[in-house]
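In case you want the letters, here they are:
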Amino acid sequence: LTVKKNVLEYLQVGENTLTLVTNRNMINVTVIIANKIIKNATDLVSIGKNQESLASYYILGNDIDLTDYLSAHGEGYNSGLGWTPIGIYHDVTDGTAFNDTFKGTFDGNGHVISGYKINRRDELGFNAGLFGYVYNLATIKNLGLISNNDNTTASFAGALAGFNEGKIINCWTNVNVSNNYGGNSYRIIGGFVGRNMGTIENCY
């Protein structure tokens, strides 16, 4: 299917249903318009760049291996802290706590992200995961996550997401997550999601 430019101008970001009519039949086709196709670690990190990017629509274009990016010589090593979660909750009472949470849509398109690694006892060790705080407007779907590393966090932390208020659909993980925080805090840890107050559907 080729969608002409003059038709694209009428389509919205996200899923659009087009009805194709011929002399013999009629069929509905779903056309997905994404803000960006994610192809590598740099693209993935860019989702957390600002509030606009955190509320955008993404499709994963291929499998991504984060091993080199998070290794000692990689851009994402962070002095050994590893992955910076996409979507951050700020523990404040001035009305900005949810400003930098993930509010968009991430469609893994059946692909897998591997090589995930995190070792945080800092503020970002709370609500930690590939996605940190998933707001109630957000959707994550059709994604697999693999890690052969020992991943350590603080609390309200998981593999795919730390704290979920949105929708997580058709996803799976194979990730070890444990607690390394020495404070008197709740140690709420999950191999999939740390804490869920949203919807998790058809996942394992």
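Residues numbered from 1 in each chain as written. Predicted model: local features only at pLDDT ≥ 70, side-chain atom pairs only at ≥ 80, totals over all residues. Heavy atoms only, no water.

**Things to note about the pairing of strand β9 (residues 161-164)**
Regular strands place side chains that alternate from one sheet face to the opposite one. As defined by bridge partners, strand β7 (residues 131-134) adjoins β9 across three bridges and the pair is classed as parallel. Bridged to Val-134 within β9 is Asn-164. As judged from the three bridges shared by β9 and strand β12 (residues 193-196), these two strands associate in the parallel manner. The partner of Ala-161 across the bridge, within β12, is Val-193. (Pairing = 2+ DSSP bridges. Helix = DSSP H or I, 4+ residues; strand = E, 2+ residues; numbered from the N terminus.)

**Points about the state of the cysteines**
Such a bond, covalent and formed between the sulfur atoms of two cysteines, is termed a disulfide. Under the criterion given, the structure shown has zero disulfides. Of all cysteine sulfurs, the one in Cys-171 lies closest to Cys-203, which takes part in no disulfide; the gap is 4.9 Å. Judged by relative accessible area, which is 23%, Cys-203 ranks as partly exposed. (Disulfide = S-S within 2.5 Å. Buried < 20%, exposed > 50% of the residue type's maximum accessible area, 1.4 Å probe, protein only.)

**Thoughts on the pairing of strand β2 (residues 26-33)**
Relative to β2, strand β1 (residues 14-21) runs antiparallel, the two sharing eight bridges. Across the sheet, Thr-19 pairs through a bridge with Asn-28, a residue of β2. Connecting the antiparallel pair β1 and β2 is a turn made up of four residues.

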